[in-house]
Amino acid sequence: MAGHGRRPRAVGAGAGVALGMAGAGVAALAGAASWAAPALGAVIGALTWATHAAADRLGRTPAPRSAPDEPSSARDRTIPADTRHWLTRASEAAAKLDRHRRGSTDPTLTQALANASTRIRAAADQLRTRADVVGVIDATTAGTDREALRRDERRLAKEAAAATPGPVREAKRASVRAVAERLASLTRLADLRDLMTATIEATALRLEAAAERGSMLVSLRAADDAGTRPLDLTALGDELEAVQAGLDKLDEITRILQDEDATS
């Protein structure tokens, strides 16, 4: 299993090196100064590695919530603060529904709540995995000032326009392209982060709503002393479908990043 986990990173690193060399070659063929070609190659190579790293983590199959020897605090260190709150609420919703299942005395309702509890706990685990990916995106983009990069892009474009035709102008143009590509990648990662965080929040709220539906069903059955009133599980089913829709959205974000990574 350890070898399997290292392979995507090795592929990403290999792609980064290959594209870095290709970037240097392109700059050289374009007539860039000798010092500019390796620099451009390094920028493209690093950018490709960062994209592969995020795509690798985003595409992983959700693992169990914890290993016996892995402290919860160690896992939480990689989870951004703006998602940790929603993970806590999702876990609490799963625990609440499980308590309702244990408290139910109606066999039909107990089975329905057991099925719902299994789905909700699995969903909460998947939200934790996706929140970990948000942390990876944060680490990838940490310390980068996009506004400063935009200023660099404008400055380099002006310098390229002012330079006389020749290697210096081509080197400046190559630098403009490198900065523009980096900006585009950073902006895309930021957009995906925002979308993933918002989807985690919405899905956690749906998990809470499903737990509330379970609570209502248990209360209604307890109030029906004769136990003759038929159970209406429609509302609970609707909430579970909404939870699944949120998970599907997270999978869609995964595919977007993986598709972009495959073409980079």
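Structure shown above.
Residues numbered from 1 in each chain as written. Predicted model: local features only at pLDDT ≥ 70, side-chain atom pairs only at ≥ 80, totals over all residues. Heavy atoms only, no water.

## Thoughts on the overall build of the chain
Applied cut-off: Under the DSSP-based scheme used, a helix requires at least four consecutive residues in state H or I and a strand at least two consecutive residues in state E, with every element numbered from the N terminus. Only protein chains enter the area calculation, which uses a 1.4 Å probe; residues under 20% of their type maximum are buried, those over 50% are exposed, and those in between are partly exposed. Contacts are assigned to residue pairs that have any heavy atoms within 4.5 Å of one another. Surface accessibility in these figures is a Shrake-Rupley result with a 1.4 Å probe; residues are shielded only by whichever protein chains are displayed.
Across its full length, the chain carries eight helices and zero strands. Residues counted as buried form 39% of the 264 residues belonging to the chain. Put simply, of all contacts in the chain between residues at least 6 apart along the chain, 79% involve residues at least 24 apart. When the accessible surface of the chain is totalled, it reaches about 14,200 Å², and 57% of it is carbon and sulfur.

## Side note on the pattern of salt bridges
Rules: For this document, the term salt bridge refers to a Lys or Arg side-chain nitrogen within 4 Å of an Asp or Glu carboxyl oxygen.
Here the structure, examined in full by the defined rule, presents 17 salt bridges. In this structure, D138 and R193 form a salt bridge, with 2.5 Å as the shortest nitrogen-oxygen distance. Here R193 lies in helix α7 (residues 167-223) and D138 lies in helix α5 (residues 107-141), a separation of 55 residues in the sequence. Residue classification places D138 among the partly exposed residues on the basis of a relative accessible area of 25%. With relative accessibility at 14%, the residue R193 sits in the buried group. E170 is paired through a salt bridge with R173; the nearest N and O atoms lie 3.4 Å apart. Of this pair, E170 and R173 both sit in helix α7, three residues apart, which is roughly one turn of that helix. A network of salt bridges, in which partner residues are shared, links D152, R155, E159 and K172.

## Things to note about the nonpolar core
Rules: We define the nonpolar core as a collection of buried residues of types Ala, Val, Leu, Ile, Met, Phe, Trp, Tyr and Cys that are connected through side-chain atoms lying within 4.5 Å of one another.
By size, the foremost hydrophobic cluster in this structure holds 35 residues, and its most contacted members are I120, L127, M196, I200, L207, L236 and L250. Here the element with the most residues in this core is α5; it accounts for eleven residues. For I200, the residues in contact, after removing those within four places along its chain, are T83, W86, L127, R130, A131, V134 and L250. L156, V176, V179 and L183 belong to the second largest nonpolar core, which has six residues in total.

## Topic: helix α4 (residues 81-103)
Keep this limit in mind: Given a helix with a known number of residues, its expected span is that number minus one, times 1.5 Å.
Between its first and last C-alpha, α4 extends 34 Å over 23 residues, near the 33 Å set by a 1.5 Å rise per residue. Every buried residue of α4 is accounted for by T83, W86, L87, A90, S91, A93, A94, L97, D98 and H100. Buried positions along α4 lie against α5 and α7.

## Some words on the packing of α4 against α7
Using the following cut-off: Interaxial angles span 0 to 180 degrees and are taken between N-to-C directions of axes, which are lines fitted to C-alpha atoms, for helices over the stretch in contact. When an angle is under 35 degrees it counts as roughly parallel; over 145 it counts as roughly antiparallel; between 65 and 115 it counts as roughly perpendicular; any other value is oblique. By convention the crossing between two helices is left-handed if the near helix lies anticlockwise of the far one by an angle smaller than a right angle, and right-handed if it lies clockwise. Polar here means any residue other than Ala, Val, Leu, Ile, Met, Phe, Trp, Tyr, Cys and Pro, which are nonpolar, and Asp, Glu, Lys and Arg, which are charged; Gly is therefore polar.
Remark: α4 packs on α7, axes separated minimally by 9 Å, with the N-to-C direction vectors making an angle of 20°. When the axis of α4 is compared with that of α7, the two are roughly parallel. Two packed elements cross with a definite hand, and for α4 against α7 that hand is left-handed. Residues that form the contact of α4 with α7 fall into these classes: eleven nonpolar, five polar and seven charged.

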